[in-house]
Amino acid sequence: MSLLPISAISQLSGGHGLLGHSGEIERNRLVFIEKVTRETARLSRLRVPTVNAVVINHPDLLHEVMVERARDYDKSHLLRYSLYLLAGNGLFTALFDTWKRNRRMIAPAFHPGSLGVFAEPMVDCAQRVTAEWHDRSQIDLLRETTRITMAIAGRTLFDADTLLESDDIGHALTVALEWAGNNAPSARAFVHLLVRHFTQVAADATNAPAESRRRGLQRTLTGPVLLVGKEGRELKHAIAVLDKHVERIVAARRSDPKEHGDLLARLLAAKDEVDGSSLDAKQLRDEILTLFVAGHETTATALAWCIDLLAHNPDEYALVQREVDALSGPPTAADLPQLPATLRAFKEALRLYPPVYLFSRQASRDTELAGYAIPKHTAVAISPLAMHRRPDFWPEPDTFRPARFLPEAERSRPKLAWLPFGAGPRVCIGAQFALMEGQLVLAHLLRAYEFSPLGTSRPDPSATLRPAGGMPMRIRKRA
Ligand code: HEM
């Protein structure tokens, strides 16, 4: 079958000016995403400097890009630019060939059957944070859920006892994540990618030695080169702090004969089934920081939205409340099957406010999509938020309705109409971990306290879809 050229794909409206749609994304991501929901039934072409770009917004095409042709659509230069200093070649940012070996090695650490041991530390961290709350006081729920998930990340990842956001690790992570959120996409990022693009174009017609020089140059250009001004200095300092801590934690562990049941122990023991090799020091550093970053802010944001949505929907709140109150004590791994309404509420919060609301791929070779020829380097934007608000897959899409996740309702929808964790081989490795954490922490919080929102929260799309200005709540201790 002959393929149509990419230019035959109809263009999303707008996209004027020098930066085209990337300018719109930089200015107001929510407006851009709402437009994708309205206008893109399957795929649209975007106007972006120097590269071809499309956005896809249909389960079939999401399946084609992320599952069937995952090898052809790799992580994008833009993503790697914004996260490279922090996450290096960790699972989230690595290109396919590096990623494949490392995912194979790390996957057993996240096997659903082996996650139950983390239930107890998860609930314990939530209990420690709520023990500091005062009855009938006002809290910023987002700050509190972040303290909980950061403590959980510290405990489950490297058995660190009190890892709260007051620590310099927490501060350094916040700086690095904010930099990534503000700089992808930004005019600076596009200048960087432009330089990278032209080194590629210039080298495409050259001989072998030039090719190896080009590869060296391109590696250098993976992450940001010019870190100037206050922001740049802060980022460099933050990365140095994180490197120092990770080095210290790994060195301490290597000289500690005690057995640890955390993820670090699993990473240190990981062996490639093909050649028997282990993760080297740099790869270990990249994976630790990746898991730390990928794991805590996402879940903290989802937890805060979930409680906010429940508090604005009393019937749904009552349903979950009855369920968690029926437990005989603090929630445990064995209680998870008794908490289906809690899980449904968490999944529905992930639909309405998917923390990873916009990501991208880039064609690693000439390929195809929905009958169109897709040239190498074409950027493919994917927005779980745009997909989750489509009225044809989600009637009354803006309404909080956890019953959408009853088993028969889930079966009646295409699987990829819901993709808060992505899909295919690069699906979130921590999805089961996050769902379990969501269920257990919600169960503890709703058993212990009653939450009343002080106002209406609005999403602020930066690195994740956080509520703008936090989430003020009044809390009351329950008997
Ligand atoms: C509600 C919480 C979470 C959400 C919404 C979320 C979302 C995502 C998404 C959308 C991706 C795929 C991105 C892409 O395809 O480009 C991803 C990948 C990833 N996530 Fe999560 N995540 C969450 C929690 C976690 C947790 C708890 C961990 C680890 C403890 C984690 C670790 C990772 C890693 C390592 C990857 C890269 C996987 C790979 O490419 O092999 N995430 N996550």
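Our subject is the structure that appears above.
Below is a summary of the structure that appears in this document. (Residues numbered from 1 in each chain as written. Predicted model: local features only at pLDDT ≥ 70, side-chain atom pairs only at ≥ 80, totals over all residues. Heavy atoms only, no water.)

1. A few points about the overall build of the chain
Part 1 of the reasoning: Tallying secondary structure elements over the chain gives 18 helices and 12 strands in all.
Part 2 of the reasoning: Relative to its 479 residues, the chain shows a buried fraction of 54%.
Part 3 of the reasoning: Residue pairs at least 24 apart in sequence account for 74% of intrachain contacts in the chain once pairs closer than 6 positions are excluded.
Part 4 of the reasoning: Summing over all exposed atoms, the chain offers an accessible surface of approximately 21,000 Å²; the carbon and sulfur share of this is 56%. (Helix = DSSP H or I, 4+ residues; strand = E, 2+ residues; numbered from the N terminus. Buried < 20%, exposed > 50% of the residue type's maximum accessible area, 1.4 Å probe, protein only. Contact = heavy atoms within 4.5 Å. Areas by Shrake-Rupley, 256 points an atom, 1.4 Å probe, with all protein chains shown as cover.)

2. Structural notes on the sheet that holds strand β5 (residues 359-363)
Part 1 of the reasoning: Reading across from one edge, β1-β2-β8-β5-β3 is the order of the five strands in this open sheet, with mixed pairing throughout. Lying at the two open borders of the sheet, with one neighbouring strand each, are β1 (43-46) and β3 (73-75). Across this sheet, the average inter-strand angle for adjacent strands is 35°, counted without regard to direction.
Part 2 of the reasoning: Relative to β5, β3 is paired through three bridges, and the arrangement is antiparallel. Residue K75 lies in a different strand from β5, and its bridge partner there is R361. (Pairing = 2+ DSSP bridges. Axes fitted to C-alpha atoms, helices over the stretch in contact; angles between N-to-C directions.)

3. Points about the pattern of salt bridges
Part 1 of the reasoning: Using the criterion set out here, one finds 27 salt bridges in the structure.
Part 2 of the reasoning: Through salt bridges that share partners, E132, R143, E144 and R147 make up one connected network. (Salt bridge = Lys/Arg side-chain N within 4 Å of Asp/Glu carboxyl O.)

4. A closer look at the site of the ligand
Part 1 of the reasoning: Residues in close proximity to the ligand total 27 residues, the closest being K75, W99, R103, R361 and C428.
Part 2 of the reasoning: L91 places a polar main-chain atom, nitrogen or oxygen, 3.2 Å from an oxygen atom of the ligand.
Part 3 of the reasoning: One nitrogen or oxygen atom from the side chain of R361 is found 2.7 Å from an oxygen atom belonging to the ligand.
Part 4 of the reasoning: If you list the elements that add at least two residues to the shell around the ligand, you get α5 (96-106), α13 (281-312), β5 and α18 (431-448).
Part 5 of the reasoning: Residue contributions to the shell around the ligand peak at six residues, all from α13.
Part 6 of the reasoning: The residue makeup of the shell around the ligand, split by class, is 17 nonpolar, six polar and four charged. (Near = heavy atom within 4 Å. Polar contact = N/O pair within 3.5 Å; in protein donor to acceptor, adjacent residues only side chain to side chain. Nonpolar A, V, L, I, M, F, W, Y, C, P; charged D, E, K, R; others polar.)

5. Looking at the coordination of the iron atom of the ligand
Part 1 of the reasoning: What the protein offers the iron atom of the ligand as a donor is a single atom, C428 (SG), at 2.3 Å.
Part 2 of the reasoning: Along the chain, the position of C428 falls in the loop between α17 (407-411) and α18. (Donors = N, O, S within 2.8 Å, 3.2 Å for Na, K, Ca; no water.)

6. A word on the side chain of N57
Part 1 of the reasoning: Relative to the helices and strands, N57 resides in the loop between β2 (53-56) and α3 (59-68).
Part 2 of the reasoning: One polar contact links the side chain of N57 to the main-chain carbonyl oxygen of T40, over a distance of 3.1 Å.
Part 3 of the reasoning: There is a polar contact of 3.3 Å between the side chain of N57 and the backbone nitrogen of M387.
Part 4 of the reasoning: Leave out the neighbours within four places in its chain, and N57 touches V36, T37, T40, A41, R42, S383, A386, M387 and R390.

7. Details of the sheet that holds strand β9 (residues 449-453)
Part 1 of the reasoning: What the three strands build is an open sheet, ordered β4-β12-β9; its pairing is antiparallel. Only two strands of the sheet have a single partner each, and these edge strands are β4 (137-140) and β9. Mean inter-strand twist for the sheet, computed between neighbouring axes without regard to direction, equals 40°.
Part 2 of the reasoning: Bridge analysis of β9 against strand β12 (residues 472-477) gives five bridges, and the strand direction is antiparallel. Counterpart to E450 in the pairing with β12 is R476.
Part 3 of the reasoning: Seen against the sheet, helix α7 (residues 141-158) touches β4, β9 and β12 and runs at an angle of roughly 65° to β4.

8. Structural notes on the environment of A151
Part 1 of the reasoning: As for its position among the elements, A151 is in helix α7.
Part 2 of the reasoning: With 29 residues separating them in the primary sequence, A151 and M122 have C-alpha atoms 8.4 Å apart.

9. Examining the nonpolar core
Most often, soluble globular proteins have nonpolar side chains that are buried together.
Part 1 of the reasoning: If you look at the biggest cluster of nonpolar residues, it comprises 141 residues, and the most contacted ones within it are I56, I288, I382 and F451.
Part 2 of the reasoning: No other element matches α13, which puts 15 residues into this core.
Part 3 of the reasoning: If we ignore the near neighbours within four places in the chain, the residues touching F451 are W133, I139, L141, I307, A311, Y317, L445, L446, M473, R474 and I475. (Core = buried A, V, L, I, M, F, W, Y, C linked by side-chain atoms within 4.5 Å.)

10. Here we look at the packing of helix α15 (residues 340-352) against α18
Part 1 of the reasoning: Orientation of α15 relative to α18, taken along the N-to-C sense of each, is 115°, at an axis distance of 9 Å. Taken as a pair, α15 and α18 cross one another with a handedness that is right-handed. Contacts between α15 and α18 involve T342, L343, F346, K347 and L350 from the former and A434, L435, G438, Q439, L442 and A443 from the latter. (Left-handed = near helix turned anticlockwise from the far one by under 90°.)

11. Let's talk about the packing of aromatic side chains
Part 1 of the reasoning: Throughout the structure, instances matching the rule amount to 11 aromatic pairs.
Part 2 of the reasoning: Considering the side-chain rings of Y81 and W179, the 5.9 Å spacing of their centres and the 45° angle between planes classify their relative orientation as tilted. Of this pair, Y81 sits in helix α4 (residues 77-87) while W179 is found in helix α8 (residues 168-183), placing the two residues 98 residues apart along the sequence. Comparing Y81 with W179, the two get one shared label, buried.
Part 3 of the reasoning: Ring centres 6.2 Å apart and planes at 80° place the aromatic pair W418 and F421 in the edge-to-face group. The same class applies to W418 as to F421, namely buried.
Part 4 of the reasoning: Feature note: the residues W394, F405, W418 and F421 constitute an aromatic cluster, connected by ring pairs.
Part 5 of the reasoning: Here the basic side chain of K75 rests over the ring of F92, its NZ or CZ set 4.4 Å away from the ring centre.
Part 6 of the reasoning: One Lys or Arg, R389, reaches over the ring of Y353 and ends 5.5 Å from the middle of that ring. (Phe/Tyr/Trp six-rings, centres within 6.5 Å; stacked < 30°, edge-to-face > 60°. Lys NZ or Arg CZ within 6 Å of the ring centre and 35° of its normal.)

12. Some remarks on the pairing of β1
Part 1 of the reasoning: Sheet topology places β1 next to β2; four bridges connect them, and they run antiparallel. Looking across to β2, one finds that L43 is bridged to I56.
Part 2 of the reasoning: Between β1 and β2, which pair antiparallel one after the other, the connecting turn spans six residues, and T50 there sits at a positive phi close to 65°.

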